[in-house]
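# A structural walkthrough
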Amino acid sequence: MAEVTLSGVTKRFRDVLAVDDLSLSIGNGEFFVLLGPSGAGKTTTLRLVAGLEHPDQGIVSIGGEAANHIHPSERDVAFIFQQYSLYPHLTVYDNLAFPLRSPRHSFTEGEVRARVTAVAEMLHIGSKLGNRSTALSGGEMQRVAIGRALVREPRVFLMDEPLSSLDAKLREELRIELKRLQRRLGATILYVTHDQVEATTLADRIGILEKGRLIQVGTPREVYGDPSSLGAAQRLGSPPINVVPPALVDGAALPSGTAAVAIRPEDVLIGDPERSCTLHLEVQEYSPLRHLLILNGGSVELVAVTASERVYARGDRVGVSLPRQSLLFFSADGRRIRT
Amino acid sequence: MSEIKLNNLHKSFGDFVAVRNTNLTIGNGRFVVLLGPSGCGKTTTLRMIAGLELPTSGQILLDHRDVTWQRARERDIAFVFQLFALYPHMTVRENIAFPLRNERLPRKQIIARVASTARLLRIEELLDRRVGGLSGGDRQRVALGRAIVRQPQAFLMDEPLGTLDADFRELMCLELRKLHNQLGATTVYVTHDQSEAMAMADDIVVMNGGEVLQAAAPETIYHLPETVFVGSFIGSPPMNFLPVDAPVPPGATEVRLAGAAVPVSRCLQGCDKALLGVRPEHVVLDDDGRLRGRVMADEYLGSHQILVVETAAGVVRVRVDKNHVVPLDATIGLTFRVERTLLYDGHSQRLLPSESALVVRKEVAHG
C-alpha cells in the first residue's frame, strides 16, 4: 500500500477546466472519498491518478515518487468501475485469476489458487467460484469485480461509484463489507461518488469537490458538523441544512457581517416547554418514516427532524426554537463566520 | 371522481400467479400507492384496473359499476407511464390537446382546457416548445398534463418518477401531492420506492408475491407492520427481527433472545415460535442491557448514525444521536423500548396481538 499525493494538478479539456490547481494528500491505508455533483471533476481526478489522463500542470505521485511519466500499467493501481466489466465467458474463478495469469506476473497455478480462494472467502463468493459470471446477481458481480482488483494486491485502489448500480439493500450490505475489508487490509482507497451516504459512511476523510476545486477536506464529522462554507454545508445533509434570514435570530447573537444563518434539521427543537420558543409555525408535511416535519409560517420555511414519537398532522401549530450553539453563520460570499 | 373496488381479483400467466385473489377498496378521492419489490404484482394490478390486462377471475368495480370486461377507453381512467410516451415532433400544446382532439371536443373547449391545465402545472411558457428539447421533469409535467386535461374519473400512475434523478424526484413528489390536493381525483400510484410512497400516500398497499400484505395509512404501515416482510421492506434501515428462544405463553412480558432476558410488551396470544420486531430508533444503548453485542460498523449519516451490532441472536441495527461516539469492536449492551416491541409468529410471519400493538394502533389513529 502507498500514499498518493496531488500537487497543484490542473487538467483542461478544451475550454473546460475539469480540475483546477488541486492539491491533496491521501495517507497510506486511508479511505479517501471525493464527493461532488456530476461534472465536479471527480472522475477526472481518479483518471489522473490512474494515468488514464495526463495533467496539464502539477505532479501526481504514488508512494512518494512522481508518477506523471509512468505508464498506467506500471503504476500498480487497480481501477474499479460502476459497470462490473467481467468476462462473461469465464467462470468466477477464472475472472478472479485473470490478472494474475497476465504475462507480466509469474505466479504458479498453486499461488493463483491460493490467492483466488482467499479473496473469494473474504468477499463471501467462495461457493460461486465455478459459476459463469453471467449467472450472478448484481451484488455478486460487483464482489467479483472488487475481488479481481484485490487479488493483484495493488498499492492503491481507485473506485468510481462502484455501488451506484446496485439496489439500496445490496448497496448498504456491500458498503459495510467494503469498509471492513479496507480496515482489515489497510488498503489505500480513493473513491469517488455523488452519494453523500457513501461518503459519510465509508470515508476516513472526505474531500468536497466543486467545479474542479476542493472546497473542504476533513473527517465526515468535521465536514458535516463544522463546514467551512455555505456550499460545503449544503453539500451534506439529508434533508438539507436550513438557511434562514438573520432577522429570525436574536440580533445580540449575530456576529457582525452575517448574511445567512443555517441550522441542521435535527438541531431544530420542536415544542420544548423548557425553553421559550421564539417561533410558532404550522406543520405542512409530516413523514413518520424520516421523522421529518416541514414547517412554515409567514415567509419562513423550516425542515425539522424530530426524535419525538408524536404523530403530527398537517395544520398543527408547534413552538420552535433554534438553539444558539447549533447555529452556523455565513458572510455574503458564503464563507463561514466562526464564533 | 370515483371509488375503485377489487373483488377477488386474480391473474395468472400460465403457471405463474401474478395477482392472487386480491380484495381492495380505493376510496373516492384517495391517493393510494401500491408498493412492493419488482414482480410483486403491483403493475399487473394497475393494468387490470386500467383495462390493459384482463383478469383471470374476479371483479373490478368503478363507482359500483362492473367494468371488469370493459375496454380501457370505456373506463374513463387516465394512465401515466414511467416512460413519457409523448409525441416528440409535436409541441407541448399539441401533445396536451391530443386526447381532446381524439374525443372530437369543440375547438374552443380544447383551448380553454389546455390553458387551465398548463396553468395548473406551471408550464404555460413551454406550450409552444417542441417536446424533444425539454428536460425530464418538464416532459413528465407534460405527460401529467395530457392525463389531467381529460378530467378522468381516476388517475393510474406506473412509476412516473422512476427515470428522474433523486433530488428532482423528491421535488416532483411534493408537486404531485399538491396537485392531488387541488384536483381531488382518485389516484392509484405504483412504485417500488418507499420514500415516494411515504411522501404522497393517503394509504399504502404493500404487495409481495401477488398478494396484498397490508393496506393502511403510512403511519400504521411504519409503526405496526402486519408481517415480517412489511417491516423489512419499509424503513431505512429496516425493522430488526430477532428469533425468540422458546415458545411464548399468552400474557408473557419477557422473552429470551439467545439466552438474554428481554422485557416485551404483554403478549396477548401465545406462540410456539416467535420473532421479536423492533425499529432501530427504539433500540437503546444500555450498559445494563442483557442482550450484548459487538459493534461491527458505524454508519455515520450526518444527522444521525446507525450502529450495526452483532449479537448472539443476530445483527441489530441501532439508530443513535449524531454526537454519540462508540468505538468499533466495542462490546455494548442493548435494551428495547418495551412499549415499542412487537412479536411475530415465526410460522405465519404475522404480527401477534400485544398491548403495545393496541396502544400504537390507538396513537396512530388519533394522532
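Keep in mind that what you see is a predicted model, and the values were worked out from it rather than measured.

Reading the values: rules and limits
- Residues numbered from 1 in each chain as written.
- Chains lettered and ligands numbered in written order.
- Predicted model: local features only at pLDDT ≥ 70, side-chain atom pairs only at ≥ 80, totals over all residues.
- Heavy atoms only, no water.
- Contact = heavy atoms within 4.5 Å.
- Buried area = accessible area lost by both parts, 1.4 Å probe.
- Salt bridge = Lys/Arg side-chain N within 4 Å of Asp/Glu carboxyl O.
- Polar contact = N/O pair within 3.5 Å; in protein donor to acceptor, adjacent residues only side chain to side chain.
- Helix = DSSP H or I, 4+ residues; strand = E, 2+ residues; numbered from the N terminus.
- Domains from an automatic or database assignment.
- Buried < 20%, exposed > 50% of the residue type's maximum accessible area, 1.4 Å probe, protein only.
- Lys, Arg positive; Asp, Glu negative; His and termini not counted.
- Pairing = 2+ DSSP bridges.
- Axes fitted to C-alpha atoms, helices over the stretch in contact; angles between N-to-C directions.
- Phe/Tyr/Trp six-rings, centres within 6.5 Å; stacked < 30°, edge-to-face > 60°.
- Lys NZ or Arg CZ within 6 Å of the ring centre and 35° of its normal.

Another point: the interface of chain A and chain B. Counting residues at the interface gives 27 residues for chain A and 40 residues for chain B. Taking both partners together, chain A and chain B bury about 2,700 Å²; carbon and sulfur atoms supply 53% of that area. Taken together, the connections running from chain A to chain B amount to five salt bridges. Glu266(A) is the salt-bridge partner of Lys322(B), the closest N and O atoms lying 2.9 Å from each other. Our count for the contact surface shared by chain A and chain B stands at eight residue pairs in polar contact (both at pLDDT 80 or more). Per-element accounting of the side of chain A that touches chain B gives the leading share, six residues, to helix H5 (residues 168–185) of chain A.

With that settled, consider the pattern of salt bridges. Side chains that differ in charge, positive against negative, can pair when their charged atoms come close. Inspection of the entire model under this criterion finds 32 salt bridges over all chains. A salt bridge links Glu53(B) to Arg47(B); the nearest nitrogen and oxygen atoms lie 3.3 Å apart. Through salt bridges with shared partners, one network takes in Asp94(A), Arg101(A) and Glu109(A).

Time to look at the domain arrangement of chain B. Residues and elements named next belong to chain B. Taken as a whole, chain B is organised into domain 1 (4–223) and domain 2 (229–365). Contacts between the two partners involve 16 residues from domain 1, matched on the other side by twelve residues from domain 2. For the pair domain 1 and domain 2, the two sides together bury roughly 1,300 Å², of which 67% comes from carbon and sulfur. Of all residues in domain 1, the largest losses of buried area upon contact with domain 2 belong to Gln 194, Tyr 222 and His 223, amounting jointly to 48% of the total for that side. Applying the counting criterion to the domain 1 and domain 2 interface returns zero salt bridges. Taken together, the connections running from domain 1 to domain 2 amount to four residue pairs in polar contact (both at pLDDT 80 or more).

What follows concerns the side chain of Arg279(B). All names here are of chain B. By secondary structure assignment, the location of Arg 279 is in the loop between strand E14 (274–278) and strand E15 (283–285). Here Arg 279 sits buried without a salt bridge, and the closest side chain of opposite charge, Glu 281, lies 5.2 Å off (N-O distance). Look past the residues within four positions of Arg 279 in its chain and what remains in contact with it is Ile 221, Tyr 222, Pro 225, Gly 231, Ile 234, Gly 235, Pro 238, Met 239 and Asn 240.

Mapped onto the fold, Ile176(A) is located in helix H5. What makes Ile176(A) buried here is its relative accessible area of 10%. Considered as a pair, Ile176(A) and Leu202(A) are 26 residues apart in the sequence and their alpha carbons are 7.9 Å apart. In this structure, Ile176(A) is in contact with Ala297(B), Glu299(B), Val308(B) and Arg317(B), ignoring residues within four places of it in sequence.

A few words on the environment of Tyr286(A). Summarising the element assignment, Tyr286(A) is placed in strand E14 (residues 279–287). Judged by relative accessible area, Tyr286(A) falls into the buried class, the value being 15%.

Right, let's get into the sheet that holds strand E5 (residues 65–66) of chain A. Residue and element names in this part refer to chain A. Pairing in this open sheet of four strands is antiparallel, and the strands run E2-E1-E4-E5 from one edge to the other. Two strands in the sheet have a free side with no partner beyond their single neighbour: strand E2 (16–26) and E5. With two bridges joining them, strand E4 (residues 57–62) and E5 adopt antiparallel strand pairing. The partner of Ser 61 across the bridge, within E5, is Ala 66. Of the strands in this sheet, strand E1 (4–13), E2 and E4 touch helix H1 (residues 42–50), which is tilted by about 120° from E1.

Our focus in this paragraph is the side chain of Gln305(B). In this fold, Gln305(B) is placed in strand E17 (residues 304–311). By relative accessible area, which is 1% here, Gln305(B) ends up buried. A distance of 2.8 Å separates the side chain of Gln305(B) from the side chain of Arg221(A), its partner in a polar contact. In this structure Gln305(B) touches Arg221(A), Asp298(B), Glu299(B), Tyr300(B), Val318(B), Arg319(B), Val320(B), Asp321(B), Lys322(B) and His324(B), once residues within four positions along its chain are discounted.

Before going further, it helps to examine the sheet that holds strand E20 (residues 342–345) of chain B. Residues and elements named next belong to chain B. On the basis of which strands lie adjacent, the open sheet formed by three strands has the order E11-E14-E20 and antiparallel pairing. Both edges of this open sheet fall to strand E11 (240–243) and E20, since each of them pairs with a single strand only. The mean inter-strand angle of the sheet, taken between neighbouring strand axes irrespective of direction, is 30°. Bridging between E14 and E20 involves four bridges; their strand directions are antiparallel. Looking at E20, one finds that Ala 274 is bridged to Asp 345.

This part is about the packing of aromatic side chains. Where two aromatic rings form a pair, the distance of their centres and the angle of their planes describe that pair. This model, assessed by the stated rule, comprises eight aromatic pairs over all chains. Between Phe31(A) and Tyr191(A), the aromatic rings sit 5.7 Å apart at their centres with planes inclined by 50°, giving tilted as the arrangement. Of this pair, Phe31(A) sits in strand E3 (residues 31–35) while Tyr191(A) sits in strand E8 (residues 189–193); the two residues are 160 residues apart in sequence, bridging distant segments of the chain. Considered together, Phe31(A) and Tyr191(A) belong to a single accessibility category, that of buried residues. Ring centres of Tyr87(B) and Phe98(B) lie 4.7 Å apart, and the angle between their planes is 45°; on these two criteria the pair is classed as tilted. Here Tyr87(B), found in the loop between strand E6 (77–80) and helix H2 (92–102), pairs with Phe98(B), found in helix H2; they are eleven residues apart in sequence, far enough to count as distant. Exposure remark for Tyr87(B): the relative accessible area of 31% places this residue in the partly exposed category. Taking the ring centre of Tyr224(A) as reference, the NZ or CZ of Arg264(A) above it sits at 3.9 Å. Geometry around Tyr222(B) places Arg279(B) over its ring, the cationic atom sitting 4.1 Å from the centre.

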